[in-house]
Amino acid sequence: MGSQFTDWQGRYYHIDQVLDKPGPRTDPAFLAGDGVKDFLRNQAKILVIGAGGLGCEILANLALTGFKDIHVIDMDTIDISNLNRQFLFRTKDVGKPKATVAAEFIMKRVPGVKVTPYFGKIQDKDDDYYLQFNLVICGLDSVEARRWMNATLVNLVDPENPESLKPLIDGGTEGFKGQARVILPTITSCYECSLDMLNKPTAFPICTIANTPRLPEHCIEWASVLEWPRVKGDKKLDTDDPEHIGWLYTAASARAKEFNIEGVTWSLTQGVVKNIIPAIASTNAIISGKSRTLETTESVDNTHPAAACCNEAFKIATSSAAYLNNYFMLIGTDGVYSYTFEHEKRDDCPVCGGESLELSISSEFTVEQLIELLVEKQDIQIKKPSLSTPTTQIYLQAPPQLEEATRPNLTKKVSELVPPEGEVTVTASTLPFNLSLRVTYT
Amino acid sequence: MIKIWSMKKNEDAAAKKKPKTSAAQIRVQKDLTELDLPSTMKTNFPDPADLLNFTLTITPDEGMYKGGAFVFSFAINTNYPHDPPKVKCTQTIYHPNVDLEGNVCLNILREDWKPVLSLNSVMVGLQYLFLEPNADDPLNKDAAQEMSRNRDAFLQNVKYSMQGRSVKGVQFDKVLVR
Ligand SMILES: [Zn+2]
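Here is what the cut-offs are and how they apply
Residues numbered from 1 in each chain as written. Chains lettered and ligands numbered in written order. Predicted model: local features only at pLDDT ≥ 70, side-chain atom pairs only at ≥ 80, totals over all residues. Heavy atoms only, no water. Helix = DSSP H or I, 4+ residues; strand = E, 2+ residues; numbered from the N terminus. Buried < 20%, exposed > 50% of the residue type's maximum accessible area, 1.4 Å probe, protein only. Contact = heavy atoms within 4.5 Å. UniProt positions renumbered as here; feature names shortened; annotations may be inferred. Pairing = 2+ DSSP bridges. Phe/Tyr/Trp six-rings, centres within 6.5 Å; stacked < 30°, edge-to-face > 60°.

Moving on to the side chain of R110(B). By the secondary structure assignment, R110(B) is in the loop between β4 (86-89) and α3 (119-131). Taking the relative accessible area as the measure of exposure, R110(B) reaches 17% and is therefore buried. Setting aside residues up to four positions removed in sequence, R110(B) forms contacts with A203(A), F204(A), P205(A), I206(A), I209(A), E221(A) and V225(A).

This is the structure:
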């Protein structure tokens, strides 16, 4: 469909103003005119993770900007509470996969654009899948999924292959705050580098939930953290199971009644246990004393961060202007405030930081000899290293029980434990970062 | 498409392919191998190959809980250190900040958790609860009330509970080791 479709006259008139001639601040590599338009419209392949509040906006913006080969991944189905802000969905779509419905909607409304949906988890896909894209945009509300995506793209970078470096544009909203950032894996600060900057998911003091609940959220937390394990034992709480949510909702409502608290609703229950209620929700509830629903707090501002993400995708794909370096934040709680800064890469980042070392040793080399070699290496100054592979512990210096359990490995050959080209993670108290070894044998 | 690779070449010519070891795994290995625990605390790994699930035994050498051995289970998920470890007391004990289900009231396990904290900080925090129970933040309300109202009766209850007797109709686990 994409290549056969002929654009109507003037379709991209406004965008072409930017692409037809270089401006004073365009990159020297910018190819004004047909070259860049051809890349944007016929070659660029872009992946959007998430088709929720932010994802819907991102998909629409990308399609209207002129990207024509867009893929989207989302594991959720449409819930009635999504309809107010996830504007690609209608009442008839409730229960259907978000990715599929969003893709169909965009293709219907923006002729010539191909959107390929995948209804499932990002973890289902392998490196080869991610390698096919030019860039990736994340519009997710899950920290865990973003950490996975970030680590996967950092791991993908192969020094032998320039194409393996995929820029990651990460958008996020939380209550009245939003951010957009550009991550060039292994070059700029990554998602993991800034993990400690994040607001923690809302957690209430357990003593408050247990004794002196004051907010509907406290009752819901009580139901999920204390009451569920007490009544259901080891049965795992599945926050995607409506029956489980129903159980919590009933338990939380009963408790709320006992303490004369109003405002426990089904959607609030779902929001609290899935940890998608921004911290701001409870503060607002206290200050204003008004009841409010999950939908209104979550809908706040997807437009601005989404626009920022797509703007960056466009600039990176076309080189038509300098892209964001590297963190943009928007705070809309009290007026509108935005701030752009360069978040620094962390040397001790477990994903993109640390040192890596190619090490060639004899296949007869024992683990003990490897440790001696590391200790003697002048340039890394390592003392008492602990070693592991992604699947096994090779040797841990402490605690005593683990040292004892791994001690028999000391006399084994490294080649028995680590395959050729295998990775060994080294940690030590003297290393502020972690060291990864890539072992080859002679 | 911007030419990123030229930046890459200038900055870092060396190979830098990272292992598939997860960030959580690396962090747990670092935390565990750098634990600095007093002789009153000891970890135990039911499966030494599994670093994410283990127990910690605290044997206070002073205070009202002296003579007891208190066992906590630690469960660490793949989102560590963004998420705190899940910690529960495996015994039924009489303590103002531990309920009868084993839930623990320690701020750094929930609302004050930060990724810069480590397993060591959590363990030290747990031990502190046995030296200085906090009646202002109760999880076992009865115990907390008793502690602030009638300290002698509270101490007696602690003693009985540690012997495995019942206190006010609740049967406690025997935790005395001496
Ligand atoms: Zn990083």
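What follows picks up the thread again.
According to UniProt, the feature "active site" (unreviewed entry) maps to C105(B) in the numbering used here. Position of C105(B) among the secondary structure elements: in the loop between β4 and α3. Since its relative accessible area comes to 7%, C105(B) is described here as buried. Leaving out residues up to four positions away in the same chain, C105(B) has contacts with I206(A), C207(A), N97(B), L129(B), D137(B) and L139(B).

The UniProt record annotates "domain: E2 binding" (unreviewed entry) at residues 359-442 of chain A. Helix makes up 25% of residues 359-442 of chain A and strand 26%, with an end-to-end C-alpha separation of 10 Å.

On to the pairing of strand β2 (residues 53-58) of chain B. Residue and element names in this part refer to chain B. Taken together, the 4 bridges between strand β1 (residues 41-44) and β2 define a ladder with antiparallel strand orientation. Bridging across to β2, N44 finds its partner in T55. Relative to strand β3 (residues 70-75), β2 runs antiparallel, the two being bridged by 6 bridges. Its bridge partner being in β3, T57 is matched across the sheet by V71.

Applying the stated rule across the entire model yields 16 aromatic pairs over all chains. Ring centres of Y65(B) and F70(B) lie 5.7 Å apart, and the angle between their planes is 80°; this geometry places the pair in the edge-to-face category. Neither Y65(B) nor F70(B) differs from the other in exposure class; each is buried. An angle of 40° between the planes, with centres 5.7 Å apart, marks the rings of Y94(B) and F154(B) as tilted. With Y94(B) in the loop between β4 and α3 and F154(B) in helix α5 (residues 151-162), the pair connects residues that are 60 residues apart, well separated along the chain. Given the relative accessible area of 5%, Y94(B) is considered buried. Each member of the aromatic cluster is reached from another via a ring pair, and the members are Y129(A), Y130(A), F133(A) and W148(A).

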